[in-house]
Amino acid sequence: MAAPMLRCFSRCWWSGTPGLSGVLALGLRKAHSGAQGLLAAQKARGLFKDFFPERGTKLELPQLFDRSAAGYSPQTIYCGFDPTGDSLHVGHLLALLSLFHFQRAGHNVIALVGGATARLGDPSGRTKEREALDAERVGANARALRLGLEALAANHQQLFTDGRTWGSFTVLDNSAWYQKQHLVDFLAAVGGHFRMGTLLSRLSVQTRLQSPEGMSLAEFFYQVLQAYDFYYLFQRYGCRVQLGGSDQLGNIMSGYEFIHKLTGEDVFGITVPLITNTTGAKLGKSAGNAVWLNRDKTSPFELYQFFVRLQDDSVERYLKLFTFLPLPEIDHIMQLHVKEPEKRSAQKRLAAEVTKLVHGREGLDSAKRYRMITEGGVSINHRQVTNPECVLVVGQHILKNGLSLLKIGKRNFYIIKWLQL
Ligand SMILES: Nc1ncnc2c1ncn2[C@@H]1O[C@H](COP(=O)(O)OP(=O)(O)OP(=O)(O)O)[C@@H](O)[C@H]1O
Ligand SMILES: N[C@@H](Cc1ccc(O)cc1)C(=O)O
């Protein structure tokens, strides 16, 4: 499937598209220069870190999103997620929110599950090789990630509509195009277009080569697969933009260079800032500090609490990053918040918006019910219970008469009769 496509574009490359050194000279542009319209709006929310390359040869990135430009048409943007775990996490949510912003503006977005790439393991941002995962485990994780992505996209579609015509949200898995790929064909068709010097120069490779453990060939080859994915999606879906966390820049550059060499066309990379914890560590699987989006791993209540506990100095930034609330509304929320920060009203609004997106309205309601418990709104037998895990413990909360008295809020009283079956 892939080889014929490549042969066709190899001709374009050999017929004189710009060389690699020219490409590298294009450099990186900070996300604050030259962005217009949609890009400027996302930038104003703090969603973008860098754009790459700084200058296209025929096209500029802002042009792609400029509705008034001649020949304007909706774009396709993709971001990849490796199924090295069985759930998405809050770090992934940022890239997804950015994809959603593009979708809301009428562009088509692709969430790519890396069913093939996860087998190799991305070395970006890691000091150690990932634990190798067998095909069954990756397959199961990939199915779980796909379900998670689809659920989020459905919540987004149902609960956050804004009256505009949105673009599509598609989930693909790169194992679909690598499964049938013959190794020798692939190396012969693709391998020749990558230069070792450039691959070796990537920060992810340099960091690993200098580590005591070194780097495996599989990991080294990772960026070639990600580059080929971009090329594949460019060819099949007209995808010109790849989005990822800022640790993905090297892989995105490899894709840009590969596509530009083969086709002479301009494609672009956009990175989102990395979400870190209070000690500055990237929130994710590797650091073991992930806040999961799968409710069996992090309950809606825990997700809600994660955002309610956010420090005051981060809440405005997170409202811009993790919600679709318009900026003037966020200003208003913050004005109220600074008057009575102890109420944590900004954090609660943030928590509610994120929990609704991730777990739907039902998830948000259940998180709030639990909150009522932790905030002291529930009593059993006239004693306040604040631990959601221990609200009604069989054998412990039964009065001598076989009843329990439950009080919820100020006025709701219930009598529970226990029956021995
Ligand atoms: N904390 C984070 N902040 C912003 N983006 C993130 C964060 N964590 C992951 N991403 C982005 O989500 C996308 C998919 O990440 P992927 O699951 O494949 O790896 P990962 O979660 O970064 O892995 P790990 O946590 O094991 O290092 C990438 O673009 C990545 O940069
Ligand atoms: N390399 C990305 C995931 C990814 C996989 C395949 C791609 O084509 C793009 C991105 C990460 O580990 O975060």
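It should be noted that the structure appears before, not after, this text.
Here goes a summary of the coordinates provided. What you are looking at is a predicted structure, and each value in this text was computed from that prediction instead of being measured. (Residues numbered from 1 in each chain as written. Chains lettered and ligands numbered in written order. Predicted model: local features only at pLDDT ≥ 70, side-chain atom pairs only at ≥ 80, totals over all residues. Heavy atoms only, no water.)

Here we come to a nonpolar patch on the surface. A cluster of nonpolar side chains, Leu 183, Val 184 and Leu 187, forms an exposed patch at the surface whose accessible area comes to about 290 Å². With respect to the secondary-structure elements, Val 184 resides in helix α9 (residues 183–190). (Patch = residues over 30% accessible without salt bridge, like charges linked within 9 Å, V, L, I, M, F, W, Y side chains within 5 Å. Areas by Shrake-Rupley, 256 points an atom, 1.4 Å probe, with all protein chains shown as cover. Salt bridge = Lys/Arg side-chain N within 4 Å of Asp/Glu carboxyl O. Helix = DSSP H or I, 4+ residues; strand = E, 2+ residues; numbered from the N terminus.)

Around ligand 1, the structure places 19 residues, and the nearest of them are His 92, Asp 247, Lys 282, Lys 285 and Ser 286. Residue Gly 245 places a main-chain N or O atom 2.9 Å away from an oxygen atom belonging to ligand 1. At 2.8 Å from a nitrogen atom of ligand 1 is found a main-chain nitrogen or oxygen belonging to Ile 275. When ligand 1 sits alone it has 600 Å² of accessible area, and the protein chains cover 95% of it. When the residues that make up the shell around ligand 1 are grouped by side-chain class, the tally is 5 nonpolar, 9 polar and 5 charged. (Near = heavy atom within 4 Å. Polar contact = N/O pair within 3.5 Å; in protein donor to acceptor, adjacent residues only side chain to side chain. Nonpolar A, V, L, I, M, F, W, Y, C, P; charged D, E, K, R; others polar.)

Considering only enclosed or pocket space, the largest pocket measures out at about 750 Å³ in volume. Looking at the largest pocket, it is lined by 43 residues, and the ones nearest its centre are His 92, Arg 130, Asp 247, Gln 248 and Lys 282. At the level of secondary structure, the elements contributing two or more residues to the lining of the largest pocket comprise β3 (76–81), α5 (90–104), β4 (108–113), α12 (217–237) and β6 (239–245). Together, Ala 116, Arg 119, Leu 120, Tyr 178, Gln 181, His 182, Leu 183, Phe 186, Leu 187, Leu 217, Phe 221 and Leu 225 line the second largest pocket. Listed by contribution, the elements that provide at least two residues to the lining of the second largest pocket are α6 (117–120), α9 and α12. Looking at the lining of the second largest pocket residue by residue, the classes come out as 9 nonpolar, 2 polar and 1 charged. (1 Å grid on protein atoms, 1.4 Å probe; cavity = no way out; pocket = protein on both sides within 12 Å on 5 of 7 lines; lining within 4 Å. Points joined across faces, edges and corners; volume = space filled by probe spheres on them.)

With that settled, consider the side chain of Asp 247. Inspection of the secondary structure assignment puts Asp 247 in the loop between β6 and α13 (249–263). At 2.9 Å, the side chain of Asp 247 and the side chain of Lys 282 are in polar contact. Apart from residues no more than four positions distant in its own chain, Asp 247 is found in contact with Ser 124, Leu 274 and Lys 282. (Contact = heavy atoms within 4.5 Å.)

A few words now on α12. An α-helix turns once per 3.6 residues; consequently, residues spaced three or four apart project the same way. Helix length check: α12, at 21 residues, gives a terminal C-alpha distance of 30 Å against a target of 30 Å (1.5 Å per residue), a fit within 8%. Taking the largest bend as the criterion, α12 deviates by roughly 25°, centred on Gln 223. Directly after α12, the chain includes Gly 238, whose backbone phi takes a positive value near 65°. (Expected span 1.5 Å × (residues − 1). Bend = angle between axes of the 7 residues up to and from the residue.)

Near ligand 2, the surroundings consist of 13 residues, among which Tyr 78, Asp 122, Tyr 222, Gln 226 and Asp 229 are the closest. Within the contact set of ligand 2, a nitrogen atom lies 2.7 Å away from a side-chain nitrogen or oxygen of Gln 226. Its free accessible area being 340 Å², ligand 2 has 89% of it covered by the protein chains. More than half of the atoms of ligand 2 fall within 2 Å of the grid points belonging to the largest pocket. Looking at the shell around ligand 2, the elements that each hand over two or more residues are β3 and α12. A total of 3 residues in the shell around ligand 2 trace back to one element, the largest contributor, which is α12. Residues that form the shell around ligand 2 fall into these classes: 3 nonpolar, 7 polar and 3 charged. (Sits in = over half its atoms within 2 Å of the grid points.)

Glancing now at the pairing of strand β5 (residues 169–173). Counting buried residues in β5 gives 4 out of 5 residues, a clear majority hidden from the surface. Sheet topology places β4 next to β5; 5 bridges connect them, and they run parallel. In the strand pairing of β5, Ala 111 is matched with Val 171. (Buried < 20%, exposed > 50% of the residue type's maximum accessible area, 1.4 Å probe, protein only. Pairing = 2+ DSSP bridges.)

For the rest of this paragraph, the subject is empty space enclosed by the protein. One pass over the full model with this rule turns up 2 cavities of 30 Å³ or more. Lining the second largest cavity are Asp 122, Pro 123, Ser 124, Ser 204, Val 205, Glu 219, Phe 220, Tyr 222, Gln 223 and Asn 251. Those elements that place two or more of their residues in the lining of the second largest cavity are α11 (203–209) and α12. Of the residues contributing to the lining of the second largest cavity, the split by class is 4 nonpolar, 4 polar and 2 charged.

We now examine the packing of aromatic side chains. Taken as a whole and assessed by the stated rule, the structure comprises 22 aromatic pairs. Between Phe 52 and Tyr 256, the ring centres sit 5.2 Å apart and the planes meet at 85°, which makes this aromatic pair edge-to-face. Pair noted here: Phe 52 is in strand β2 (residues 50–52) and Tyr 256 is in helix α13, with a separation of 204 residues, a long-range link. Here Phe 52 and Tyr 256 have matching classes, each one buried. Three or more aromatic residues joined by ring pairs form one cluster here, namely Trp 177, Tyr 178, Phe 186, Phe 194, Phe 221, Tyr 228, Tyr 231, Tyr 232 and Phe 258. The ring centre of Phe 324 lies 4.1 Å from the NZ or CZ of Arg 104, which sits over that ring. (Phe/Tyr/Trp six-rings, centres within 6.5 Å; stacked < 30°, edge-to-face > 60°. Lys NZ or Arg CZ within 6 Å of the ring centre and 35° of its normal.)

Let us now look at the sheet that holds strand β9 (residues 383–384). The strand order across the open sheet formed by 4 strands is β9-β8-β10-β11, and the pairing between neighbours is antiparallel. If you trace the sheet from one side to the other, it starts and ends with β9 and β11 (412–417), each paired once. Bridging between strand β10 (residues 403–408) and β11 involves 6 bridges; their strand directions are antiparallel. Bridged to Ser 404 within β11 is Ile 416.

The next subject is the pairing of β4. Within β4, 5 of the 6 residues are buried, which leaves the element mostly enclosed by the surrounding structure. The pairing of β3 with β4 spans 6 bridges and is classified as parallel. Looking at the pairing, Cys 79 lines up with Ala 111 of β4. Handedness of the β-α-β unit built from β3, α5 and β4 comes out right-handed. (Right-handed = clockwise from strand over helix to strand, strands pointing away.)

Attention now moves to the pattern of salt bridges. Summed over the entire model, instances satisfying the criterion amount to 16 salt bridges. Residues Glu 265 and Lys 58 are paired through a salt bridge, measuring 3.4 Å at the closest nitrogen-oxygen approach. Taken together, the residues Glu 265 in the loop between α13 and β7 (268–272) and Lys 58 in the loop between β2 and α4 (61–64) connect sequence positions 207 residues apart. Accessibility expressed as a relative area gives 24% for Glu 265, which makes it partly exposed. A salt bridge links Lys 320 to Glu 316; the shortest N-O distance between them is 3.5 Å. Pair noted here: Lys 320 and Glu 316 are both in helix α15 (residues 312–322), with a separation of 4 residues, about one helical turn. A cluster of three or more residues bridged by salt bridges with shared partners is formed by Lys 58, Arg 240 and Glu 265.

This is a description of form; function is not addressed.
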